Amino acid sequence: TATVESISLITASILSKKLAAGLQGLVMDVKTGSGAFKPSIEEARDLAESIVSVATGAGLPTTALITDMNQTLGRTAGNALEVLECVDLLTSGQGEARLREVTLALAAEMLLLGKLATDGDAARAKAEGALTFGRAAERFAAMVTALGGPADFLERAGDILPRAPVRRAVQAKAAGVVTACDTRAVGLAVIELGGGRRRVEDAVDPAVGFGEIVPLGQVVSADDPLAVVHAADEASAERAADLLQKAFQIGETEIEPSPVVHQRITAEDL
């Protein structure tokens, strides 16, 4: 609801559902950075430690990874666009490096909690193998079918998922290095396009959003796009493009982007 900032209440809200479901293990992805609910690393750590402590105390083995959200995860923002990017990762075994790293890191932790791997290296290798050799894609396809989706979704995702009628580049306002991104502002720009709700009764357009979003550290000229906006009409595309341009800072100094996984929190760390 964007109204509750209490770590205790957030912990209770998250874990009440998980504990009621009778889970045998839980891996939490706790974000930090400009797109996170708790943007500072200290706040993210406090939340992660709270979740791990309460869950473990209730008999649910839990690990939390604090991961970076100082830029978008992957190259897209928006419902159908993000699904398509994930399908590409599953089917190719490759994809945007940060998205792939978070996916494998979380999967490895799940294998460890499930006692399907003896250590971190073995868990990582097993997750890599499932992605590289197509087993993860096969399982996802089976899940889609079991939930009533098309059996050939992976093969035809680009045709099945909705596409926005208006697509155009969002130009950088200056030449230089992309030094910062207000990731929350990117999310709000997607809402401006109709890709999210401001009120419960709002409809969501799954086709809209941004694709080909530039990563931090990339050198751009004034003619280079920061992203491609996917919109329902020209007016909303124009508004969202302006919001996206304001979300990025372009400077002159090269930067070293943050690591995608900042910290691992387990009960032993508390």
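All of the points below concern the structure found in this document. Quick caveat: nothing in here was measured; it's all calculated off a predicted structure. For every chain, the first residue of its written sequence is number 1, and the numbers climb from 1 along that sequence. pLDDT decides what is reported in this predicted model: residues at 70 or higher carry local features, side-chain atom pairs at 80 or more are listed and counted, and totals for whole chains, interfaces and linings draw on all residues regardless. Side-chain metrics in this entry use all non-hydrogen atoms of the structure; hydrogen atoms and water are not considered.

1. Quick notes on the pairing of strand E7 (residues 225–231)
Buried residues are those whose accessible area, probed at 1.4 Å on protein chains only, stays under 20% of the maximum for their type, while exposed residues exceed 50% and partly exposed ones sit between those limits. Secondary structure counts use DSSP, requiring at least four H or I residues in a row for a helix and at least two E residues in a row for a strand, with both numbered from the N terminus. With 6 of its 7 residues buried, E7 lies for the most part within the structure. For two strands to pair, DSSP has to find at least two bridges joining them. Taken together, the 6 bridges between strand E3 (residues 166–171) and E7 define a ladder with antiparallel strand orientation. Residue pairing across strands places Val 170 opposite Ala 227, the latter belonging to E7. As defined by bridge partners, strand E5 (residues 209–211) adjoins E7 across 3 bridges and the pair is classed as antiparallel. By the bridge assignment, Gly 211 is partnered in E7 with Val 228.

2. Let's talk about the sheet that holds strand E1 (residues 26–32)
Taken in spatial order, the 3 strands line up as E1-E2-E9 in an open sheet, and their pairing is mixed. Edge strands, defined here as strands with exactly one partner in the open sheet, are E1 and strand E9 (261–265). The sheet shows a mean angle of 20° between the axes of neighbouring strands, direction not considered. Along the sheet face, helix H2 (residues 41–57) touches E1, strand E2 (62–68) and E9 and points at about 165° away from the line of E2. Each axis is a line fitted through C-alpha atoms, and for a helix only the stretch in contact is used; angles between axes span 0 to 180 degrees, taken between their N-to-C directions. Two residues form a contact once any of their heavy atoms are found within 4.5 Å.

3. A look at the pattern of salt bridges
By definition, a salt bridge exists where a carboxyl oxygen of Asp or Glu is found within 4 Å of a side-chain nitrogen of Lys or Arg. Summed over the entire model, instances satisfying the criterion amount to 14 salt bridges. Between Glu 128 and Arg 124 there is a salt bridge, with the nearest N and O atoms lying 3.4 Å from each other. Of the two residues, Glu 128 and Arg 124 are both situated in helix H5 (residues 120–132); the distance of 4 residues between them amounts to about one turn of the helix. A salt bridge links Arg 168 to Glu 234, with the shortest nitrogen-to-oxygen separation between them at 3.5 Å. On the criterion of sequence distance, the pair formed by Arg 168 in strand E3 and Glu 234 in helix H9 (residues 234–247) is long-range, its members being 66 residues apart. We classify Arg 168 as partly exposed; its relative accessible area is 24%. Overlapping salt bridges bring together Arg 100, Glu 101, Arg 124 and Glu 128 as one network.

4. What about the sheet that holds strand E4 (residues 176–181)?
Read across the sheet, 3 strands follow the order E6-E4-E8 without closing on themselves; strand pairing throughout is antiparallel. This sheet does not close on itself; its edge strands, each paired only once, are strand E6 (219–220) and strand E8 (248–251). The sheet contact formed by E4 and E8 spans 4 bridges and is antiparallel. What sits directly across from Val 178, in E8, is Ile 250.

5. Notes on helix H1 (residues 7–20)
In this analysis, the expected span of each helix is defined as 1.5 Å times one less than the number of residues it contains. End to end, H1 covers 20 Å across 14 residues, agreeing with the expected 20 Å (1.5 Å per residue, within 8%). Turning to H1, its buried residues number three or more, namely Ile 10, Thr 11 and Leu 15. Lining the buried residues of H1 we find E1 and H2. Looking one or two residues beyond H1, the residue adopting positive phi is Gly 22, at roughly 75°.

6. Brief notes about the nonpolar core
Buried Ala, Val, Leu, Ile, Met, Phe, Trp, Tyr and Cys residues that are joined via side-chain atoms within 4.5 Å together make up what is termed a nonpolar core. Core analysis: the biggest nonpolar cluster contains 27 residues, and Val 186, Leu 193, Phe 210, Val 229, Leu 244 and Phe 248 have the highest contact counts within it. Counting residues per element, the ones that place at least two in this core are E3, E4, helix H8 (183–193), E7 and H9. Within the second largest apolar cluster, 19 residues are counted, among which are Leu 104, Ala 108, Leu 111 and Ala 123.

7. Details of the state of the cysteines
A pair of cysteine sulfur atoms is labelled a disulfide when the two atoms are within 2.5 Å. Summed over all chains, the structure comprises 0 disulfides. The thiol of Cys 86 is unpaired, and the distance to the nearest cysteine sulfur, on Cys 181, comes to 18 Å. With a relative accessible area of 7%, Cys 181 lands in the buried category.

8. As for H8
Residues Thr 183, Ala 185, Val 186, Ala 189, Val 190 and Leu 193 constitute the buried set of H8. Angularly, the buried residues of H8 cover 155° about the axis, an arc narrow enough to put them on a single face. Close packing links the buried residues of H8 with E4, E5, E7 and H9. Just beyond H8, the residue with positive phi is Gly 194, at close to 105°. By arc we mean the arc of the directions from the helix axis to the C-beta atoms, nothing more.

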